[in-house]
Amino acid sequence: MPKIKFTPQNKEIDVEAGANLLKAADQAGLYIEGDCGGRGTCGKCRVKITDGGKIEPTTAEKKHISSNDLESGWVLACQRSVDQDIVIEVPIQKDAHLRKTTLAGGVEDLTAEPMVEKAAVKLSRPSVKDQTADLERLLDHLEKPELTIELRELSHLPALLRNNSFAVTAAMAGSRIISIEPGDTSDQIYGVAFDIGTTTIMGSLLDLKTASVQAVAATTNPQNAYGADVISRITHASESKENLKQLQDKVIEAANNIIKDLLKQTRVARDRVYEVTAVGNTTMSHLFMGVDPTYLAPAPFVPAYSRVLEVEASELGLKVNPAAMITFLPNIAGYVGSDTVGVILAADMDQRKDNCAAIDIGTNGELVLAANGRLMACSTAAGPAFEGAQIKHGMRAAAGAIESVDYTDGEIKLSTIDDVPACGICGSGLIDAAAALLDAGLVEPSGRFINPVENPEKVPNHFKDRLRSGIGGYEFVLVAAKDSDTGDDIVLSQGDLRELQLAKGAIYAGLMILLKEAGLNEEDLDQILLAGAFGNYVRKESALTIGLLPQLPAEKIIAIGNAAGDGSRMALASKTIRERARALPHRVEHLELSTRTDFQDIFIDAMAFKDSRG
Ligand code: FES
């Protein structure tokens with residue numbers, strides 16, 4: 001059996017001869033970035049073979065790796081099978097979730113109205129004159145004879161009472177006693193709220209008595225190894241029951257790691273966590289619950305369920321109190337999930353009276369419009385450009401990503417996350433870069449770079465070397481090789497601009513269709529809320545310059561942070577808010593854009609870089 005040693009993590013595993021290197025890394029618990037699910041098209045799963053023989057590069061490797069790097073042992077993990085002992089260097093992952101403010105949401109005051117109540121009791125001791133059974137003794141004292149009890153708790157009740165001088169605390173959820181604990185633990189009621197993102201999973205530990213956030217933690221969604229987008233994951237899960245279980249195990253394991261981290265930070269015992277809520281897109285919801293997502297992919301995009309799903313923690317293997325109820329908030333449609341329900345709750349869109357749109361920008365852009373008392377939602381396939389995928393030097397928002405680009409005083413100036421040498425460009429940087437190049441007059445409203453040969457007078461001298469011919473058109477050098485972290489030029493290509501146009505056109509067109517359906521124009525909007533981490537970082541001015549958003553004064557465009565996560569916390573903290581969530585699938589009108597004959601025309605028109613600053 002060949003042995004693989006991963007450095008610098010110093011992990012060793014034995015694998016079957018012929019094992020795929022990317023899968024082996026996953027088996028060793030190492031996350032290697034990859035956006036294409038191992039198809040060899042994204043070029044992101046680069047690792048270096050430092051010992052173990054030289055093998056001819058594959059076609060995909062020749063396409064994505066420079067000849068110098070190939071020479072020094074760089075390969076694509078997904079393209080390699082392992083037939084002999086090898087030593088691999090895995091670059092330290094620069095995780096998107098390290099952008100710390102993505103953990104923070106915009107809703108600060110949560111209402112404490114927990115589902116779980118606790119009562120500390122001191123029971124009278126039994127005697128020959130009072131032979132009341134233990135459970136009935138407890139229920140009589142609580143004056144709640146109708147309560148049921150988990151068999152797991154009943155099984156140890158006699159010893160628990162006698163070992164604790166009949167002083168115990170009962171934790172109750174609705175009509176169930178879910179836990180009986182020694183002594184008085186009535187001040188310890190905790191819950192965890194999850195936001196299960198396709199890329200990042202976040203969790204918050206709440207003290208449910210006060211609805212205060214005690215700790216937050218995040219991790220990369222380990223399902224990434226099976227593709228960055230939901231379609232790759234649906235495809236993998238639909239191949240076999242084992243694959244579906246594999247994806248469920250991955251997300252549950254990641255959720256358990258987050259819980260462990262939260263409990264470590266706060267020193268809360270896991271048995272004191274009695275409630276868990278979660279939001280995510282419809283695919284994430286299905287995979288978390290282990291439900292077959294196959295029919296989400298093809299039209300008519302039907303989910304297995306849309307209602308709230310409630311399951312005991314022990315059934316899912318979540319390491320909190322085994323009787324804790326896990327509540328996954330409801331889906332609205334195949335591509336409008338409970339993350340959108342979270343946004344609606346966090347922004348009070350189901351209660352507000354003005355005309356307000358919320359946009360969660362991602363691979364799948366989700367849009368909600370509250371207008372004249374109606375709530376409408378749609379999803380629009382923006383593609384992965386905003387997440388830095390399918391962009392020549394694109395990357396997630398992590399250290400070294402170009403996050404902002406300015407055109408000032410005739411110069412292009414840029415900054416990177418953590419102020420380290422640039423290694424790529426993330427979504428917010430991409431929008432900025434396009435806006436800066438539009439401002440500099442180097443890109444036409446059609447989205448094409450100006451032709452420097454035909455229009456030399458339009459290219460200032462100091463940009464002449466930077467606007468050059470590349471594969472598939474012109475490209476602009478944002479960072480020269482000598483200043484970059486990768487040792488290569490970092491460019492914005494004609495293809496990148498095209499991807500951005502497709503993405504922003506899809507978002508804009510989706511919003512226009514919602515407005516049209518409501519009988520409104522763009523100027524009727526009182527507010528546009530930008531949800532999600534991306535919304536926090538995108539510069540409104542740049543978004544308006546490229547025409548991603550409609551013509552509204554910048555002060556009407558508000559970033560509301562991780563609203564999906566906020567919605568999960570709000571639903572965890574308050575049973576009334578949970579009931580509001582329960583009603584939303586019936587209340588929200590879902591518009592399926594693929595059936596709209598007007599979508600294509602609006603979309604094509606929306607692709608142009610029209611400055612919408614008014
Ligand atoms: S090229 Fe290997 S995962 Fe995309």
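Residues numbered from 1 in each chain as written. Predicted model: local features only at pLDDT ≥ 70, side-chain atom pairs only at ≥ 80, totals over all residues. Heavy atoms only, no water.

A.B. asks: Got a sec to walk through helix α16 (residues 563-573)? Specific residues and values, please.
C.D. replies: Most of α16 is tucked away: eleven of the eleven residues are buried. Of all the positions in α16, only Ala563, Ala564, Gly565, Asp566, Gly567, Ser568, Arg569, Met570, Ala571, Leu572 and Ala573 are classed as buried. (Buried < 20%, exposed > 50% of the residue type's maximum accessible area, 1.4 Å probe, protein only. Helix = DSSP H or I, 4+ residues; strand = E, 2+ residues; numbered from the N terminus.)

A.B. asks: Describe in detail the confidence of the model for the protein chain, supporting the description with residues and values.
C.D. replies: For the protein chain, per-residue confidence averages 89 on the pLDDT scale, and residues scoring 70 or more make up 96% of the total. Least confident of the elements in the protein chain is helix α14 (residues 532-537), whose mean pLDDT is 79; most confident is strand β15 (residues 273-280), at 97. (pLDDT = per-residue confidence, 0-100.)

A.B. asks: Which residues make up the sheet that holds strand β27 (residues 527-531), and what values do they have?
C.D. replies: If you walk across this open sheet you meet the six strands as β28-β27-β18-β19-β20-β29, and the pairing is mixed. Across the chains shown, the open sheet's two edge strands, defined by having one partner strand only, are β28 (557-561) and β29 (589-590). Here five bridges tie strand β18 (residues 356-360) to strand β19 (residues 364-371), and the two strands are oriented antiparallel to one another. Counted as the bridge partner of Ile359 is Leu367 from β19. Sheet strands in contact with helix α11 (residues 338-346) are β18, β19, β20 (374-381) and β27, and its direction is about 40° off that of β19. (Pairing = 2+ DSSP bridges. Contact = heavy atoms within 4.5 Å. Axes fitted to C-alpha atoms, helices over the stretch in contact; angles between N-to-C directions.)

A.B. asks: Describe the environment of Ile560, and please don't skip the residues or the numbers.
C.D. replies: Along the chain, the position of Ile560 falls in strand β28. Each C-alpha atom of the pair Ile560 and Leu530 lies 5.9 Å from the other, and the pair is 30 residues apart in sequence.

A.B. asks: A description of the pattern of salt bridges should follow, citing residues and the corresponding values.
C.D. replies: Evaluation of the coordinates by the stated rule reveals 31 salt bridges. Residues Arg46 and Asp69 are paired through a salt bridge, measuring 2.8 Å at the closest nitrogen-oxygen approach. Residue Arg46 is located in strand β4 (residues 46-51), and its partner Asp69 is located in helix α3 (residues 67-71); the two are separated by 23 residues in the primary sequence. For Arg46, a relative accessible area of 24% translates into the label partly exposed. The residue Arg176 makes a salt bridge to Glu312 at a minimum N-O spacing of 3.0 Å. On the criterion of sequence distance, the pair formed by Arg176 in strand β11 (residues 176-182) and Glu312 in strand β16 (residues 309-312) is long-range, its members being 136 residues apart. Take Arg176 and Glu312: they sit in the same class, and that class is buried. (Salt bridge = Lys/Arg side-chain N within 4 Å of Asp/Glu carboxyl O.)

A.B. asks: Would you mind going over the sheet that holds strand β5 (residues 74-76) in detail, with residue names and values included?
C.D. replies: Read across the sheet, five strands follow the order β2-β1-β7-β4-β5 without closing on themselves; strand pairing throughout is mixed. Single-partner strands in this sheet number two, and they are β2 (11-14) and β5. When the angles between neighbouring strand axes are averaged without regard to direction, this sheet yields 35°. In terms of strand pairing, β4 meets β5 through three bridges, oriented antiparallel.

A.B. asks: Can you break down the layout of surface pockets residue by residue, with the values?
C.D. replies: If you add up the space inside the largest pocket, you get close to 1,600 Å³. Taken together, the elements giving at least two residues each to the lining of the largest pocket come down to α2 (59-64) and α13 (494-518). In terms of residues, the lining of the largest pocket owes the most to one element, α13, which gives three residues. Among the residues forming the lining of the largest pocket, the class breakdown is 14 nonpolar, twelve polar and 13 charged. Mapping the lining of the largest pocket onto the domain boundaries places at least three of its residues in each of domain 1 (3-92) and domain 5 (386-499). (1 Å grid on protein atoms, 1.4 Å probe; cavity = no way out; pocket = protein on both sides within 12 Å on 5 of 7 lines; lining within 4 Å. Points joined across faces, edges and corners; volume = space filled by probe spheres on them. Nonpolar A, V, L, I, M, F, W, Y, C, P; charged D, E, K, R; others polar. Domains from an automatic or database assignment.)

A.B. asks: An account of the environment of Leu511 is needed here, citing residue identities and associated values.
C.D. replies: Here Leu511 lies in helix α13. Among the residues examined, Leu511 registers a relative accessible area of 1% and is labelled buried. Between the alpha carbons of Leu511 and Ala377 there is a distance of 9.3 Å; along the sequence they are 134 residues apart. Discounting residues that sit within four places of it in the chain, Leu511 has contacts with Ala357, Ile359, Leu367, Ile528 and Pro550.

A.B. asks: I'd like to hear about empty space enclosed by the protein, residue by residue, with values.
C.D. replies: Rolled over the atoms, a probe sized like a water molecule indicates the empty space that remains. Scanning the entire structure with this criterion turns up three cavities of 30 Å³ or more. Taken together, twelve residues form the lining of the largest cavity, with Met202, Gly203, Ser204, Asn562 and Arg569 sitting closest to its centre. Put simply, the parts of the chain that give the lining of the largest cavity at least two residues each are β12 (190-196), β13 (200-207) and α16. Among the residues making up the lining of the largest cavity, the classes are represented as five nonpolar, five polar and two charged. Here the lining of the largest cavity spans two domains, and each of domain 3 (190-328) and domain 4 (352-383 + 502-606) adds at least three residues to it. The space that makes up the second largest cavity amounts to roughly 50 Å³. Here the lining of the second largest cavity is built from residues that sort into seven nonpolar, five polar and two charged. Taken domain by domain, the makeup of the lining of the second largest cavity includes at least three residues from each of domain 1 (3-92) and domain 3 (190-328).

A.B. asks: Would you mind going over the packing of α11 against helix α17 (residues 575-587) in detail, with residue names and values included?
C.D. replies: For the pair α11 and α17, interaxial distance at closest approach is 10 Å and the crossing angle is 125°. The orientation of α11 relative to α17 falls into the category oblique. Viewed along their axes, α11 and α17 form a crossing whose handedness is right-handed. For the pair α11 and α17, contact is made by Val341, Ile344 and Leu345 and by Ile577, Arg580, Ala581 and Leu584, respectively. Classifying every residue of the contact of α11 with α17 by side-chain character gives six nonpolar, no polar and one charged. (Parallel < 35°, antiparallel > 145°, perpendicular 65-115°, else oblique. Left-handed = near helix turned anticlockwise from the far one by under 90°.)

A.B. asks: Summarise the domain arrangement of the protein chain; cite the residues concerned and give the values.
C.D. replies: It is common to give the size of an interface as the accessible area lost on bringing the parts into contact. For the protein chain, the assigned domains are domain 1 (3-92), domain 2 (116-182), domain 3 (190-328), domain 4 (352-383 + 502-606) and domain 5 (386-499). Look at where the C-alpha atoms of domain 1 and domain 2 centre, and you get two points 57 Å apart.

A.B. asks: How would you explain the pairing of β11 if you had to name every residue and give the values?
C.D. replies: Of all seven residues in β11, six are buried; the element is thus mostly enclosed. Here two bridges tie strand β9 (residues 148-149) to β11, and the two strands are oriented parallel to one another. The residue bridging Thr148 from the neighbouring strand is Arg176, located in β11. Relative to β11, strand β10 (residues 167-173) runs antiparallel, the two being bridged by six bridges. Looking at β11, one finds that Ala173 is bridged to Arg176. Counting the residues that bridge the hairpin from β10 to β11 gives two residues, and of these Gly174 lies at a positive phi of roughly 60°.

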